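# Summary of the model geometry
Listed below, chain by chain, are the residues.
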Amino acid sequence: MAPIKNGRLLYKEIPDGYPQPGKHVVYDESELIDLDNVPLNGGLLLKILVLSIDPYLRNRMRDPSVRGFLPAFEIGKPLQNGGVAQVLRSEDPKYTAGTYVAGSYPFQKYLVAQASEVNGLRPVQKKGKLTLSAHVGVAGMPGATAYTGWKEYAKPKAGEVVFVTTGAGCVGAIVIQLAKADGLKVIGSAGSDAKVEYMKSMGADVVFNYKKTKVEDVLKKEGPIDIFWDNVGGEALDAALANCNKHARFIECGMMSVYNGDNAYQMKNLNYIYQFEIQLHGFIILSLIPKYPEFYTEFANRIASGEIKYNEDITVGLENGGAALETIQRGNNTGKSVIAVADY
Ligand SMILES: NC(=O)c1ccc[n+]([C@@H]2O[C@H](COP(=O)([O-])OP(=O)(O)OC[C@H]3O[C@@H](n4cnc5c(N)ncnc54)[C@H](OP(=O)(O)O)[C@@H]3O)[C@@H](O)[C@H]2O)c1
């Protein structure tokens, strides 16, 4: 077969607000690849099927001199994130052609790599309700974030009250289900009425649209809370501090409200941290996952059986990946955001 275009989504410019497709990230088809003859040097030729769009990608689109938990992306190179690929050709006896493999991949259609060069490379399968794309969502990094963060820090007791922000997103919707399974009263917030309905269908007891109803008002009426699962920071965190019980556990998972340059909110209630002996736990999934290997077996089985539910927001085509990147930052995704790079 003649060489074909190896489409890539390149990082072009550091955004100072929301990332824009065509400006900060650009789809490029200048590279060609000969799938039959490209040398593998003992490695693999992978066809990338699915790539994950996650909020933290915005954090990597920063000036490299600014501190962050992962290095800044390099201008001119493809973005990089979790994905699922299929082995097309292999010179590595551990991976036969046809195998599906999850790992961290550059945003391009085909990749030649040694297995040792791909972070987190692991074979994956479709099973029941566990689709290939679910391996980058509910059964992948964000799912593991919800599962391990809850196990490590929630210390739930039946009858307690938990408040979950971005409750209709991938992480939040899993937290709601875990909290209900532990017998808690669950309060969930999200940014649209459709998302509010979705949280209800996940089992949340009290649901509201934070763009219409103030967090403070809901927590005053339905709290005080014992656990706060924080995905947004800012005003929601401040309201949670003012409406929690003594020894409340705050699980600081993310801060969506500040990722795109808007740091305007002034915290007023930080003094409650010591007054109410609040336990504040910030964490990054990479530190917790080695402690909970059952996530990839027992929890995956609960997804496959349909016990743990999820939904996806699928963008078709790598050329549309830049738009998906902007969509999640603006909060317009409905469910786990993934790019279908090829049919799977
Ligand atoms: N600590 C870790 O290791 C780790 C790992 C994975 C994810 N996370 C964090 O977990 C959170 C959820 O991630 P996810 O993958 O499940 O994404 P997600 O919830 O599907 O998408 C992000 C959501 O954030 C909300 N949002 C956007 N801008 C906001 C703003 N200014 N104020 C309040 N909410 C805003 C939107 O939902 P609404 O319409 O509801 O506003 C948007 O849909 C993020 O903060 C992410 O960074 C942390």
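Because the structure is a prediction, the values reported are computed rather than measured. (Residues numbered from 1 in each chain as written. Predicted model: local features only at pLDDT ≥ 70, side-chain atom pairs only at ≥ 80, totals over all residues. Heavy atoms only, no water.)

## With respect to the overall build of the protein
Scanning the protein from terminus to terminus reveals ten helices and 17 strands. Its C-alpha atoms give the protein a radius of gyration of 21 Å, near enough to 20 Å, the size a compact globule of 344 residues would have. Taking the principal axes of the C-alpha coordinates as reference, the protein spans close to 65 × 40 × 35 Å. Within the protein, contacts between residues separated by at least 24 positions form 67% of all contacts whose residues are at least 6 apart in sequence. For the protein, the accessible surface area stands at approximately 15,400 Å², while carbon and sulfur atoms represent 52% of it. Averaging the locations of the 37 positively and 37 negatively charged side chains of the protein gives two centres separated by 3 Å. (Helix = DSSP H or I, 4+ residues; strand = E, 2+ residues; numbered from the N terminus. Rg over C-alpha atoms; globule rule 2.2 N^0.38 Å. Contact = heavy atoms within 4.5 Å. Areas by Shrake-Rupley, 256 points an atom, 1.4 Å probe, with all protein chains shown as cover. Lys, Arg positive; Asp, Glu negative; His and termini not counted. Charge placed at Lys NZ, Arg CZ, Asp CG, Glu CD.)

## Here we look at the site of the ligand
Taken together, 26 residues form the shell around the ligand, and within it Lys 195, Tyr 210, Tyr 259, Ile 285 and Asn 333 come nearest. A distance of 2.9 Å separates a nitrogen atom of the ligand from a polar atom in the backbone of Cys 253. A distance of 2.9 Å is found between a nitrogen atom of the ligand and a backbone nitrogen or oxygen belonging to Phe 283. Taken by itself the ligand offers 910 Å² of open surface, and the protein chains cover 90% of this. When contributions to the shell around the ligand are tallied by element, the ones reaching two or more residues are α2 (141–154), α3 (170–181) and α10 (321–329). In terms of residue class, the shell around the ligand is made up of 15 nonpolar, ten polar and one charged. (Near = heavy atom within 4 Å. Polar contact = N/O pair within 3.5 Å; in protein donor to acceptor, adjacent residues only side chain to side chain. Nonpolar A, V, L, I, M, F, W, Y, C, P; charged D, E, K, R; others polar.)

## Digging into α10
In terms of residue burial, α10 counts as a mostly covered element, since seven of its nine residues are buried. Regarding α10, the residues found buried are Gly 321, Gly 322, Ala 324, Leu 325, Glu 326, Ile 328 and Gln 329. Positive phi appears at Gly 331, one or two residues downstream of α10, with a value of about 80°. (Buried < 20%, exposed > 50% of the residue type's maximum accessible area, 1.4 Å probe, protein only.)

## Some words on the domain arrangement of the protein
Often, the extent of an interface is quoted as the loss of accessible area upon association of its parts. Here the protein is described as being made up of domain 1 (4–136 + 310–340) and domain 2 (141–287). Using C-alpha coordinates to define each centre, domain 1 is positioned 29 Å away from domain 2. Across the boundary between the two partners, domain 1 contributes 19 residues, which contact eleven residues of domain 2. Taking both partners together, domain 1 and domain 2 bury about 1,200 Å²; carbon and sulfur atoms supply 59% of that area. Connecting domain 1 to domain 2 are five residue pairs in polar contact (both at pLDDT 80 or more). Of the residues in the side of domain 1 that touches domain 2, the class split is nine nonpolar, six polar and four charged. (Domains from an automatic or database assignment. Buried area = accessible area lost by both parts, 1.4 Å probe.)

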